[in-house]
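For reference, the chains in residue letters:
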Amino acid sequence: GLRARDLVLGFCAQAPQIKPLVLVLKTFLRALSLNDPYTGGISSYCIVVLLHKYWFETERAQWFSTADCGSLLFNFLQAFVLRFEKQLTHVDDPLTPPVFAEDGTLLQPSENIMQSCYQISRLCHMFRKAVTALLPDNPEVGPSESHDGPLLERFFAVAGTTTSTQTEPRAAPA
C-alpha cells in the first residue's frame, strides 16, 4: 500500500538511475509474460527492491560506477542469475524485517517478496539470454560492429520485441 509506495519513491530518490532500469526490466518482462506475480512472474515491487539492494551493495563495495545504467543493468542481470538459478528465492521484504529475541533467536522471519515467483527458472533463463545478447561478438547475434542499433535493441530482441514496439500504443480491442 502506501508504505510500499513510499519505500519505492525513497529508493528511486536515493538511486535515480534505478528508475529507468525498472522501466526497461518491466517492459522486457511484460513481453515475456513474466511481469505478473499471479502467473508466477516477478512483481514490480520486487524488481525495485532487488535493484536497489544490488545498487546499494555495489556502491558500498565500489565494484564499478553505479552511475552507468548499462553496467548496472548488465551486472544486475548476471548477479540475479547467479543468485536465483538454483531456486533460492527468498528475498526479505524491507517493510517487514525479521523479529529476533534478545538472545538472537529468530521469532518471526521477514516476508518473502519472491514467494509467488514460481517461474524463476524461466526468468533466470531469459536474463541469461539477455546477458549473452549484450556481450560483444556473441555468436548468436554476430559481432557488435555488425549491429547497427543500440544495445537495448539486442536486449529486447531476446524477448521477441524491439524498442519501437515498446512505445507504440496498443490497438483498441475490436
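Look up: the structure comes first, before these words.
Thresholds applied
- Residues numbered from 1 in each chain as written.
- Predicted model: local features only at pLDDT ≥ 70, side-chain atom pairs only at ≥ 80, totals over all residues.
- Heavy atoms only, no water.
- Helix = DSSP H or I, 4+ residues; strand = E, 2+ residues; numbered from the N terminus.
- Buried < 20%, exposed > 50% of the residue type's maximum accessible area, 1.4 Å probe, protein only.
- Contact = heavy atoms within 4.5 Å.
- Salt bridge = Lys/Arg side-chain N within 4 Å of Asp/Glu carboxyl O.
- Core = buried A, V, L, I, M, F, W, Y, C linked by side-chain atoms within 4.5 Å.

**Q** Would you mind going over the overall build of the protein chain with me for this structure?
**A** Within the protein chain one finds seven helices and two strands. Evaluated residue by residue, the protein chain yields a buried proportion of 39% over its 174 residues. Within the protein chain, residue pairs in contact and separated by at least 24 positions form 59% of the contacts whose partners lie at least 6 positions apart.

**Q** Quick question: what am I supposed to make of the pattern of salt bridges here?
**A** It is possible for side chains bearing opposite charge to pair when their charged atoms get close. Under the definition given, this model contains two salt bridges. In this structure, Asp-6 engages Arg-5 in a salt bridge whose closest nitrogen and oxygen atoms are separated by 2.6 Å. Among the residues examined, Asp-6 registers a relative accessible area of 43% and is labelled partly exposed. Judged by relative accessible area, Arg-5 falls into the partly exposed class, the value being 45%. Between Lys-53 and Glu-57 there is a salt bridge, and its shortest N-O distance comes to 3.7 Å. Placement of both Lys-53 and Glu-57 in helix 3 (residues 44-61) is noted, with a separation of four residues, approximately one turn of the helix.

**Q** I would appreciate a short explanation of the nonpolar core in the present structure.
**A** Generally speaking, soluble globular proteins have nonpolar side chains that are buried together. The biggest cluster of nonpolar side chains holds 50 residues, and the ones touching the most others in it are Phe-28, Ile-42, Phe-80 and Met-114. At the level of elements, helix 1 (2-14), helix 2 (18-31), helix 3, helix 4 (69-84), helix 5 (120-134) and helix 6 (151-157) are the ones that each hand at least two residues to this core. When residues no more than four places from it in sequence are discounted, the contact partners of Ile-42 are Leu-29, Leu-34, Asn-35, Asp-36, Ile-47, Leu-50, Phe-80, Met-114, Cys-117 and Leu-123.

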